[in-house]
Amino acid sequence: SVYGNVKVVSLESHNPNAVPSNIYMLDGRVENRVMPNGISLTEYTYVLEKLAAAYSPDKPRVLVLGLAAGVVPRAFKRDGADEVAVVDINRDSLTAATEYFNFDPEGIELNWEDARTFARRCRDRFDVIVIDLFQGGTIPDHLLTREFFDDLSKCVYPDGTVVMNAVLDRSN
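One structure accompanies this document, and this report is about it. (Residues numbered from 1 in each chain as written. Predicted model: local features only at pLDDT ≥ 70, side-chain atom pairs only at ≥ 80, totals over all residues. Heavy atoms only, no water.)

1. Quick notes on the nonpolar core
With 19 residues, the main nonpolar core has Leu 63, Leu 65, Ile 129, Ile 131, Phe 148 and Leu 152 as its most contacted residues. Where this core is concerned, the elements lending two or more residues are β4 (61-65), β5 (83-88), α4 (115-121), β7 (126-131) and α5 (146-153). If sequence neighbours within four positions are ignored, Phe 148 has contacts with Leu 65, Ala 115, Arg 116, Ala 119, Ile 131, His 142 and Leu 143. Formed by 17 residues, the second largest nonpolar core is a distinct cluster that contains Tyr 44, Val 62, Val 84 and Val 128. (Core = buried A, V, L, I, M, F, W, Y, C linked by side-chain atoms within 4.5 Å. Buried < 20%, exposed > 50% of the residue type's maximum accessible area, 1.4 Å probe, protein only. Helix = DSSP H or I, 4+ residues; strand = E, 2+ residues; numbered from the N terminus. Contact = heavy atoms within 4.5 Å.)

Right, dumping it as structure tokens:
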């Protein structure tokens, strides 16, 4: 796609007890691994979900920045979120999510634009915002600025929760 090389790799084993799965890759990096029934085999997705759920109301309004395989927004919808909205710059991620990762967009608001511009013009408020934005193995610089987080703060209720998936270099 225009926003990176999206690949879906199917893993099947000669071992009849092994679980088949599909891997969502972006620019050669594994973003998620999912079984055919849509269950993620990647730990970080559960950490994002459970952290957000621990600090949000029972039926939250959720904004997920980044679609990829669709695991995180699907989990919030499955668990009874009142509303789930997704922002992703890459429409091709929807094709991959629906065709290979059992993602059903029914009842999920999809927005196709850069997360920065979405946050800048955001008029709605959410109980939970999940930031899961990567390109080339890192978060784009413009999504790590004070201005982005200032804009994003207008999208979350004052007692809301923001959870972010980030890779940290502990040596630096």
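2. With respect to the state of the cysteines
Tallied over the entire structure, the rule returns one disulfide. Residue pairing for Cys 122: its cysteine sulfur links by disulfide to Cys 155, the two sulfurs lying 2.4 Å apart. Of this pair, Cys 122 sits in the loop between α4 and β7 while Cys 155 is found in the loop between α5 and β8 (156-164), placing the two residues 33 residues apart along the sequence. When sorted by exposure, Cys 122 lands in the same class as Cys 155, which is buried. (Disulfide = S-S within 2.5 Å.)

3. A look at empty space enclosed by the protein
Tallied over the full model, the rule gives one cavity of 30 Å³ or more. Around the largest cavity sit Asn 32, Tyr 44, Thr 45, Gly 66, Leu 67, Ala 68, Ala 69, Gly 70, Val 71, Val 72 and Asp 132, which together line it. Breaking the lining of the largest cavity down by element, the ones donating at least two residues are α1 (43-54) and α2 (71-78). For the lining of the largest cavity, the class distribution of residues is six nonpolar, four polar and one charged. (1 Å grid on protein atoms, 1.4 Å probe; cavity = no way out; pocket = protein on both sides within 12 Å on 5 of 7 lines; lining within 4 Å. Points joined across faces, edges and corners; volume = space filled by probe spheres on them. Nonpolar A, V, L, I, M, F, W, Y, C, P; charged D, E, K, R; others polar.)

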